[in-house]
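Chain by chain, the residues:
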Amino acid sequence: MDYSMEDTQNAAPDAHETSKLSSTAQRADTQSVTKRLQHELMELMLSPSPGISAFPNADGNLLSWTATITGPTETPYDGLSLKLSFTFPNNYPYAAPTVLFITPIYHPNVDFSGRICLDILRDKWSAVYNVQTVLLSLQSLLGEPNNASPLNAQAAELWDNDKEEFKRHVLARHRDIDEE
Amino acid sequence: MPVSDIPFAHFGPYSYTPDRHYFPSTGQPQFAAPFSFLTHSIPQITLAFQQGRASSAYNMAALSPDEMERFQQLSNNFEPNVQGPLVTPKQSSHAIADEYANADPTYATKTSTLALTHPMSRIMKGDGNCGWRAVAFGYFENLFLLRDPLRVQRELIRLKSMNTLLDQVGQQEHLYEIFVDESEAVFNQILEAIQKGIQDDSFLVHAFNEEYNSNAIITHFRLLTSAWMRLNPGRYQAFLSLPLEQYCATRVETVKTEIDEVGLQALVDGVIEGSELAVEILYLDRSEGEVVTPHLLTPNRPSVGTIRLLYRPGHYDLLYRPEPIVTMAPVVNYQYGITSNYSPWDQGALSFDVDPHLMAIPNLMMDPAAFAVNPSPMSAPVSNSYRMSPPHDLYLQHTPPPVSIPSPPVVPRMSAPPPPMTSAPNRSSDGPQIRLNPLVMKNNLSHSLPVTTPFKNSPYNQAHFQNQDFEPIHWEPNESRK
């Protein structure tokens, strides 16, 4: 439990000191995470990449963002708008964010809960990756699925053998998500 | 030293390691290279699991697909539950020997020898960063131990100037600056500690145990290594089983991929070597021999300090040699203080000159032409300088209470001619300039005295010539006669 947010006005001075000591390191980390995410946000706004965008959620918590990818041309996702949620751990960037598709998507490397199988979000995560690089990787994953380790085996098979049928599944599953 | 200069046999110890069979060449293709069994990331642990399953397939056949699925999940998600701090304080290496006491006899022998040659060690947490952490910690620790503020400043500037390498390979400053800042903070802590005269290294241990900051420093070192490799692909590509760019992205820049041989060499070449520190690995494996196999990663040249890594298959820790009891600088008269059957002589009873500087000159001692007893004019000043000379302190510490019957000091037998002196006194022109212990010159003395093996600190020990820091003592006769 994080005591740093506790209302210390009514607490005894001793208790205050104790909680302050125990949470100093934690708070320093949180500051570093916040600083890093603010930098990322600034970069995204100053030099936006075509087809991707991301912004922290309106609740004021910088640790959860919503992002949007536009489906690249010449892929079955051409022109589709796909929403994702980013949840950053409090040791970010030394651990990957949790990234999920909110928009229902039919893709070999995404399961029906929106969970994504992508190495850079797992053991190949690097502290220099960021929201932008993750979104660009996901954008290219839409056009080049990794069919060697599919989460959706049917999608992998159709991608390899029947592109038309694959695209029908994509469009059937897609549903635009309204703004919150 | 470029990697290409390493003889391939250097990787030899591993060919004797039975552990190798856990990483079959039929496994994942990227592990097929010579270095395959040196890395030890989580996927390989998985591989080991799978190997275990394959070898006991008849047992597994009894399991339902659901159970198989569950085991696969467990295997995929397996992470060793490692305990303890990221970096421990220095502790006795006997702890390592104890760990292996009941293991393979080779390990038991090697670790008990190790506890003697390297009595202290520092254990790194095996969380996938131990090799990186060991080198980074060893680097900062050596800078602190040298207590040279100028050097610390110089290193800080050197490391920060390497930001240009990061820029050259396309890293973005707004992403890497937090890592560089954290390293800079440690440099500043070291400077402050040196200026305050702090001897205790616990501030450094503490800095490396703050997980967030520790990760930042390691990331900084990883990014510098990666940039260095990308800018010097010719030195490393031949040793990699996958394209260098991919290697850097998936093995070096990642947050929890353990360092392998190539990455370690690149870290040393690119980041550490410029500091004039040496890096040595001591391999603890089941290869032949009774001692761990040492290997120097830096060029064989004078260094200001050494980062010593203990490598056990899959893990790196730090090792420390015994604290130097004496420095090499004034190598005089140690044979008296150190000989085991030593008994001090009564200085007043013997009228010869005990000037330590003169006693240290071996070929003069053996040269009858140089020998003449002429003690009286110099005796008083000499005894003063003797008392004040640093080795005398040591001599006192090791001196047992005087015994009533003085026995002559032992003169170690020289097994080879001593090093040539650069400034031998001109004896023929102005007569002997030196007075020696008369006992040395007794004809039958060498037969009557017990001859001891030269102690390792003795100036007669030829092992000094293998020490890269060794410098012969130059005796200037005029200086000590003033």
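All values derive from a computational prediction rather than experimental measurement.

1. Comments concerning the overall build of chain A
Here comes step 1: Assigned secondary structure in chain A consists of four helices and four strands.
Here comes step 2: Moving toward the C terminus, one meets the helices and strands of chain A in the order α-β-β-β-β-α-α-α.
Here comes step 3: A separation of at least 24 residues holds for 56% of the contacts in chain A among residues at least 6 apart in sequence.

2. Remarks on the packing of helix 6 (residues 130–146) of chain B against helix 10 (residues 202–209) of chain B
Residues and elements named next belong to chain B.
Here comes step 1: Between helix 6 and helix 10, whose axes approach to 11 Å, the crossing angle comes to 155°. Accordingly, the angle class assigned to the pair helix 6 and helix 10 is roughly antiparallel. Along this stretch, helix 6 crosses helix 10, giving a crossing that reads as right-handed. Contacts between helix 6 and helix 10 involve Arg133, Ala136, Phe137, Phe140, Glu141 and Phe144 on the former and, on the latter, Phe203, Leu204, Val205 and Phe208.
Here comes step 2: For the contact of helix 6 with helix 10, a count of residues per class yields eight nonpolar, no polar and two charged.

3. Observations concerning the packing of aromatic side chains
Here comes step 1: Counting across every chain of the model gives 21 aromatic pairs over all chains.
Here comes step 2: Considering the side-chain rings of Tyr77(A) and Phe166(A), the 6.4 Å spacing of their centres and the 85° angle between planes classify their relative orientation as edge-to-face. One end of the pair, Tyr77(A), is in the loop between strand 2 (64–70) and strand 3 (81–87); the other, Phe166(A), is in helix 4 (residues 163–173), with 89 residues separating them in the sequence.
Here comes step 3: Taking the relative accessible area as the measure of exposure, Tyr77(A) reaches 1% and is therefore buried.
Here comes step 4: In this structure Phe166(A) comes out as buried when scored by relative accessible area, which is 0%.
Here comes step 5: Its end group placed over the ring of Tyr320(B), Lys90(B) keeps NZ or CZ at 4.3 Å from the ring centre.
Here comes step 6: Directly above the ring of Phe144(B) sits Arg147(B), whose terminal nitrogen or CZ lies 4.5 Å from the centroid.

4. Digging into the UniProt feature "active site" (unreviewed entry) in chain A
Here comes step 1: Sequence positions flagged by UniProt for "active site" (unreviewed entry) are, in local numbering, Cys117(A).
Here comes step 2: For Cys117(A), the contacting residues outside a window of four places in its chain are Asn109(A), Arg122(A), Ser149(A) and Leu151(A).

5. Details of the side chain of Ser126(A)
Here comes step 1: You can see Ser126(A) is positioned in the loop between strand 4 (98–101) and helix 2 (131–143).
Here comes step 2: Among the polar contacts listed, one links the side chain of Ser126(A) to the backbone oxygen of Glu253(B), at a separation of 2.7 Å.
Here comes step 3: For Ser126(A), the contacting residues outside a window of four places in its chain are Glu253(B), Thr254(B) and Val255(B).

6. Observations regarding the interface of chain A and chain B
Here comes step 1: The partner chain B presents 21 residues to the 22 residues of chain A that form the contact.
Here comes step 2: Carbon and sulfur atoms supply 61% of the area that chain A and chain B bury against each other, a total of about 1900 Å² over both sides.
Here comes step 3: Interface area lost by chain A to chain B is led by Tyr94(A), Lys124(A) and Val128(A), which between them contribute 36%.
Here comes step 4: Our count for the contact surface shared by chain A and chain B stands at zero salt bridges.
Here comes step 5: On the surface where chain A and chain B come into contact, there are five residue pairs in polar contact (both at pLDDT 80 or more).
Here comes step 6: Of the residues that constitute the side of chain A that touches chain B, the class distribution is nine nonpolar, six polar and seven charged.

7. Let's talk about the confidence of the model for chain A
Here comes step 1: With 83% of its residues at a pLDDT of at least 70, chain A reaches an overall mean of 85.
Here comes step 2: Predicted confidence for residues 1–22 of chain A stays below pLDDT 50, and this span has six contacts to residues more than four positions away or in other chains.

8. Points about helix 5 (residues 105–117) of chain B
Residue and element names in this part refer to chain B.
Here comes step 1: Taking 1.5 Å of rise per residue, 13 residues should cover 18 Å, and helix 5 covers 18 Å from first to last C-alpha, within 8% of that figure.
Here comes step 2: Listing the buried residues of helix 5 in full gives Tyr107, Lys110, Thr111, Leu114 and Ala115. Projection of helix 5 onto a plane perpendicular to its axis shows the buried side chains occupying an angular sector of 140°, all on one side. Exposed positions of helix 5 whose direction lies more than 90 degrees from the buried face are Pro105 and Leu116.

9. Remarks on the pattern of salt bridges
Residue and element names in this part refer to chain B.
Here comes step 1: For the coordinates displayed, the defined rule picks out 20 salt bridges over all chains.
Here comes step 2: We note a salt bridge from Lys160 to Glu184, for which the minimum N-O separation is 2.8 Å. Of this pair, Lys160 sits in helix 7 (residues 149–161) while Glu184 sits in helix 9 (residues 173–195), and the two are 24 residues apart along the sequence.
Here comes step 3: On the basis of relative accessible area, Lys160 is assigned to the partly exposed category, the value being 34%.

10. So, the pairing of strand 3 of chain A
All names here are of chain A.
Here comes step 1: Counted residue by residue, strand 3 has five buried out of seven residues, so it is predominantly covered.
Here comes step 2: Pairing between strand 2 and strand 3: seven bridges, direction antiparallel. Looking across to strand 3, one finds that Thr68 is bridged to Lys83.
Here comes step 3: One ladder, built from four bridges, connects strand 3 with strand 4; its direction is antiparallel. When the bridges of strand 4 are listed, Phe86 appears paired with Val99.

11. Things to note about the sheet that holds strand 5 (residues 305–312) of chain B
Residues and elements named next belong to chain B.
Here comes step 1: Pairing is mixed in the open sheet, where six strands are placed in the order 1-2-6-5-3-4. The sheet terminates laterally at strand 1 (91–92) and strand 4 (293–296), the two strands that pair on one side only.
Here comes step 2: Pairing between strand 2 (residues 120–122) and strand 6 (residues 315–320): three bridges, direction antiparallel. Across the sheet, the residue bridging to Arg122 is Leu318, located in strand 6.

12. Notes on the sheet that holds strand 2 of chain A
Residues and elements named next belong to chain A.
Here comes step 1: Strand order in the open sheet formed by four strands is 1-2-3-4, and the pairing between neighbours is antiparallel. With partners counted over all chains shown, the strands left at the sheet margins are strand 1 (52–56) and strand 4, one partner each. Across the sheet, the axes of successive neighbouring strands diverge by a mean angle of 20°, strand direction being ignored.

13. Some details on the packing of helix 3 (residues 153–161) of chain A against helix 4 of chain A
Residues and elements named next belong to chain A.
Here comes step 1: The contact between helix 3 and helix 4 brings their axes to 6 Å, and the two run at 135°. In terms of axis orientation, helix 3 runs oblique to helix 4. For the pair helix 3 and helix 4, the contacting residues are Gln154, Ala155, Leu158, Trp159 and Asn161 in the first and Lys163, Glu165, Phe166 and His169 in the second.
Here comes step 2: Residue composition of the contact of helix 3 with helix 4, by class: four nonpolar, three polar and two charged.

14. Overview of the environment of Glu253(B)
Here comes step 1: Topologically, Glu253(B) is positioned in the loop between helix 13 (244–252) and helix 14 (261–272).
Here comes step 2: A C-alpha to C-alpha distance of 9.3 Å links Glu253(B) and Phe221(B), two positions 32 residues apart in sequence.
Here comes step 3: For Glu253(B), the residues in contact, after removing those within four places along its chain, are Ser126(A), Ala127(A), Val128(A), Gln171(B), Leu223(B), Ser226(B), Arg230(B) and Cys248(B).
Here comes step 4: Within the structure, Glu253(B) has its side chain in polar contact with the side chain of Ser226(B) (distance 2.6 Å).
Here comes step 5: In this structure the side chain of Glu253(B) is engaged in a polar contact, spanning 2.7 Å, whose partner is the side chain of Arg230(B).

Rules used in this analysis
- Residues numbered from 1 in each chain as written.
- Chains lettered and ligands numbered in written order.
- Predicted model: local features only at pLDDT ≥ 70, side-chain atom pairs only at ≥ 80, totals over all residues.
- Heavy atoms only, no water.
- Helix = DSSP H or I, 4+ residues; strand = E, 2+ residues; numbered from the N terminus.
- Contact = heavy atoms within 4.5 Å.
- Axes fitted to C-alpha atoms, helices over the stretch in contact; angles between N-to-C directions.
- Parallel < 35°, antiparallel > 145°, perpendicular 65-115°, else oblique.
- Left-handed = near helix turned anticlockwise from the far one by under 90°.
- Nonpolar A, V, L, I, M, F, W, Y, C, P; charged D, E, K, R; others polar.
- Phe/Tyr/Trp six-rings, centres within 6.5 Å; stacked < 30°, edge-to-face > 60°.
- Buried < 20%, exposed > 50% of the residue type's maximum accessible area, 1.4 Å probe, protein only.
- Lys NZ or Arg CZ within 6 Å of the ring centre and 35° of its normal.
- UniProt positions renumbered as here; feature names shortened; annotations may be inferred.
- Polar contact = N/O pair within 3.5 Å; in protein donor to acceptor, adjacent residues only side chain to side chain.
- Buried area = accessible area lost by both parts, 1.4 Å probe.
- Salt bridge = Lys/Arg side-chain N within 4 Å of Asp/Glu carboxyl O.
- pLDDT = per-residue confidence, 0-100.
- Expected span 1.5 Å × (residues − 1).
- Arc of directions from axis to C-beta.
- Pairing = 2+ DSSP bridges.

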